[in-house]
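Residues per chain, in single letters:
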Amino acid sequence: MGIIVQQSIKTIIVTYIGVALGVVNILFLFPLVLSEEQIGFTRVFVNTAMLFATLSSLGAANIPSRFFPYFKDVPKQHNGFLFLLLLLGCTGFIVFSVILTYFKPLIFSIYNEKSPMLVDYFFYLLPFTAIILLWYIFEIYTVVQQLPVVPSFLREVLSRALTAVGLIFLFYKWISFHQFVDWTVAIYIVILVITVLYLQKNKILFLKPNISIRKNPHLKEMLIFGGFIMSGNLSGAIIANIDGWMLSAYSGLKSTGVYSIAFFIAVFVEIPRRSLSQVLVPLVAEANKNNDYATLRTLYKKSAINQLIIGGLLFIGIWCNIESVFRLIPHGENYLEGKWVVFYIGLSKLFDMATGINAEIMLTSKYYKIDLLFYCLLSLFGICGNIIFIPLYQLTGAAIASAISVFLFNTMRFIFILRKFSMQPFSWATIKVILLGIIIIVGNSFVFVSRNPMVDIAIRSIAILIIFVGSILVMKISDDVDTIATTVFFRIKNAVLKK
């Protein structure tokens, strides 16, 4: 247990270092060095290669998380498990390459007019996809053997640090943009090679095939699982990338670049949700396993109100400071068009948090396959919404489409859980928090603080924190928030008294 705790702490530290590097790259270096069109291209190029790698893997990047324990045996070189994963991935990549090449004329016709840069670099996608595919397989193979720290460092820190180096080289004109694209591909080659060498160092790089694996009783189930996961990955990939693809086709890469910066600002709202989810998943899974609906109901309601409070504070803070935030970004006036993207995407993330742990309840229950259906419907909503709203409102239309999709998706989950589990996450406290947020946002619009964006952000943020948190405590909205506030107060008090 001690090793697990140590690795968890190291992984969390690495993740937050990566987040800090991501902020520096996306909100400072990218706008400083690249044009909006180049930012849009970079986002679509990397995300598309990652999507293609996920689809090409035939589930090989997900299978180890569930099935590795059935093959684990170091003396027997894990019964040829790694070779099987690579065989699946290579087979999928060959099939996918044929399909992609067949549809090349259609892809060219879609993007040639508005986003010619995507057409120019089309032939980079296949080798780039192959590199990322191999990295995905070797990475998950490393993680399932309880060695998560190095893969996390490579993904979260090294890749972003090397991206920053490439941007600095480009800023000083030591390399061209074309060479920066090469640099981006090379980054993934580097982390792939390091991952393989790390496996070799730990003497677990077992590439030898094992024919007896075909007799493993879990092989059929594993392949079915891979197909099921691939379907889910396809829906998830469409959800994550449809806005960028369709914006590039309708409005060009410049709009996609502005959208990318605004989207990155908005997703800060949901960062706390990920941490809370990791803590609650084991509890939700155990409650589902034991049909302990009383515990599920408690977790559902508490998660919803606590996530709404935390997410609400972040959303209010971001939106009330949005003008100053864009003023801090290099060439921020070029990205101010994305202001309403921040609003709609941030609002959708907040609604997702306000509906509590609906995803965790669904995925750990016997109804987990129903959630795949919801994901497919969400993909359909996203495609239809973008077709309707992007021609009308450009990048803001993409954000509106995304927000509507998330709203409908979570509403379906809410109704399903209400009918099957007879529980829902909302209370009068939910309404109080929403009204409090609206009052603060409306009041903020009448306040002028400073022309200096740093000073303005600091003063507004402190005022929002005091008013929002103070009101939550006075109204006694959440027992958990009250407990945390009391603990912090006494720690500060004790620290002061000791001095």
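Residues numbered from 1 in each chain as written. Predicted model: local features only at pLDDT ≥ 70, side-chain atom pairs only at ≥ 80, totals over all residues. Heavy atoms only, no water.

A. Summary view of the overall build of the protein. Tallying secondary structure elements over the protein gives 20 helices and zero strands in all. With 499 residues in all, the protein has 49% of them scored as buried. In the protein, once contacts between residues fewer than 6 apart in sequence are set aside, the share between residues at least 24 apart is 83%. Counting only carbon and sulfur atoms, one obtains 69% of the accessible surface of the protein, whose full area is about 24900 Å². (Helix = DSSP H or I, 4+ residues; strand = E, 2+ residues; numbered from the N terminus. Buried < 20%, exposed > 50% of the residue type's maximum accessible area, 1.4 Å probe, protein only. Contact = heavy atoms within 4.5 Å. Areas by Shrake-Rupley, 256 points an atom, 1.4 Å probe, with all protein chains shown as cover.)

B. The nonpolar core, seen in detail. Within the largest apolar cluster, 119 residues are counted, with the highest numbers of intra-cluster contacts made by L34, F41, I132, F177, Y188 and I265. What I265 contacts, discounting residues up to four positions off in sequence, is L27, I318, I322, V325, F326, I329 and V342. Y300, I361, L378 and F416 belong to the second-largest nonpolar core, a separate cluster that totals 19 residues. (Core = buried A, V, L, I, M, F, W, Y, C linked by side-chain atoms within 4.5 Å.)

C. Broad picture of the packing of helix 13 (residues 293-320) against helix 18 (residues 428-444). Two numbers describe how helix 13 lies on helix 18: the axes approach to 10 Å, and their chain directions differ by 10°. On the basis of their axis angle, the class for helix 13 and helix 18 is roughly parallel. For the pair formed by helix 13 and helix 18, the contact residues are I305, L308, I309, F315, I316, W319 and C320 on the first element and A429, T430, V433, I434, G437, I440, I441 and N444 on the second. Broken down by class, the residue content of the contact of helix 13 with helix 18 amounts to twelve nonpolar, three polar and no charged. (Axes fitted to C-alpha atoms, helices over the stretch in contact; angles between N-to-C directions. Parallel < 35°, antiparallel > 145°, perpendicular 65-115°, else oblique. Nonpolar A, V, L, I, M, F, W, Y, C, P; charged D, E, K, R; others polar.)

D. Here's a closer look at the pattern of salt bridges. Counted by the stated rule, this structure contains five salt bridges. Two residues, E139 and R155, come together in a salt bridge whose shortest N-O distance is 2.6 Å. In this pair, E139 sits in helix 7 (residues 125-143) while R155 sits in helix 8 (residues 149-171), placing the two residues 16 residues apart along the sequence. For K349, the salt bridge is made with E270, and the minimal N-O distance between the two is 3.7 Å. Here K349 is found in helix 15 (residues 339-354), whereas its partner E270 is found in the loop between helix 11 (253-266) and helix 12 (271-289), with 79 residues between them in sequence. By relative accessible area, which is 14% here, E270 ends up buried. (Salt bridge = Lys/Arg side-chain N within 4 Å of Asp/Glu carboxyl O.)

E. Structural detail: helix 17 (residues 368-421). The end-to-end C-alpha separation of helix 17 is 14 Å, well short of the 80 Å expected for 54 residues at 1.5 Å each. Count one or two residues on from helix 17 and you reach S422, which has phi positive near 55°. (Expected span 1.5 Å × (residues − 1).)

F. The side chain of T355, seen in detail. Structurally, the position occupied by T355 is in the loop between helix 15 and helix 16 (358-363). For T355, a relative accessible area of 1% translates into the label buried. Within the local environment of T355, its side chain forms a polar contact with the backbone oxygen of D352, the two atoms lying 2.7 Å apart. Once you skip the residues sitting within four places of it in the chain, T355 turns out to touch Y300, A304, N410, P425 and F426. (Polar contact = N/O pair within 3.5 Å; in protein donor to acceptor, adjacent residues only side chain to side chain.)

G. Spotlight on the side chain of K349. Using a relative accessible area of 17% as the deciding quantity, one classes K349 as buried. Other than its neighbours up to four places away in sequence, K349 contacts F263, A266, V267, V269 and E270.

H. Just the packing of aromatic side chains, in detail. Here the structure, examined in full by the defined rule, presents 31 aromatic pairs. Where W340 meets Y344, the ring centres are 6.3 Å apart and the plane angle is 40°; that geometry is what we call tilted. Taken as a pair, W340 and Y344 lie in helix 15 at a separation of four residues, close to a single helical turn. Feature note: the residues F41, F45, Y121, Y124, F128, W135, Y136, F177, F180 and Y188 constitute an aromatic cluster, connected by ring pairs. For the cation-ring pair, R43 lies above F263, with the distance from its terminal atom to the ring centre recorded as 5.9 Å. Above the ring of F108, the side-chain terminus of K104 is found at 5.9 Å from the ring centroid. (Phe/Tyr/Trp six-rings, centres within 6.5 Å; stacked < 30°, edge-to-face > 60°. Lys NZ or Arg CZ within 6 Å of the ring centre and 35° of its normal.)

I. Structural detail: the confidence of the model for the protein. On average, residues of the protein score 83 in pLDDT, and 89% of them are at 70 or above. Of the regions scoring below 50 in pLDDT, residues 1-5 engages in zero contacts with residues more than four places distant in sequence or in other chains. (pLDDT = per-residue confidence, 0-100.)

J. Expanded view of the packing of helix 4 (residues 81-102) against helix 7. Two elements in contact, helix 4 and helix 7, have axes whose closest approach is 10 Å; the angle formed by their N-to-C orientations is 155°. Classified by the angle between their axes, helix 4 and helix 7 sit roughly antiparallel to one another. At the point where helix 4 passes helix 7, the crossing takes the right-handed sense. Seen from helix 4, the contacting residues are F81, L82, L85, L86, G89, F93, S97, L100 and T101; seen from helix 7, they are L126, T129, A130, L133, L134, I137, F138 and Y141. Residues of the contact of helix 4 with helix 7, tallied by class, amount to 13 nonpolar, four polar and no charged. (Left-handed = near helix turned anticlockwise from the far one by under 90°.)

K. Looking closely at the environment of S109. Among the secondary structure elements, S109 is positioned in helix 5 (residues 104-111). Sequence separation between S109 and A249 is 140 residues, and the spatial gap between their C-alpha atoms is 9.7 Å.

L. The arrangement of unusual backbone geometry in detail. At N291, a residue that is not glycine, the phi angle is positive and equals roughly 55°. Positionally, N291 belongs in the loop between helix 12 and helix 13.

M. Molecular detail of the environment of I110. Mapping I110 onto the fold places it in helix 5. With a relative accessible area of 39%, I110 lands in the partly exposed category. Separated by 140 residues in sequence, I110 and Y250 have C-alpha atoms that sit 8.8 Å apart.

N. Molecular detail of a nonpolar patch on the surface. A contiguous nonpolar surface patch, about 860 Å² in accessible area, is contributed by W428, I431, I434, L435, I438, V442, F446 and V447. With respect to the element layout, I431 can be found in helix 18. The class of I431 is partly exposed, set by a relative accessible area of 40%. (Patch = residues over 30% accessible without salt bridge, like charges linked within 9 Å, V, L, I, M, F, W, Y side chains within 5 Å.)

O. View of the environment of T101. Among the structural elements, T101 can be located in helix 4. The class of T101 is partly exposed, set by a relative accessible area of 45%.

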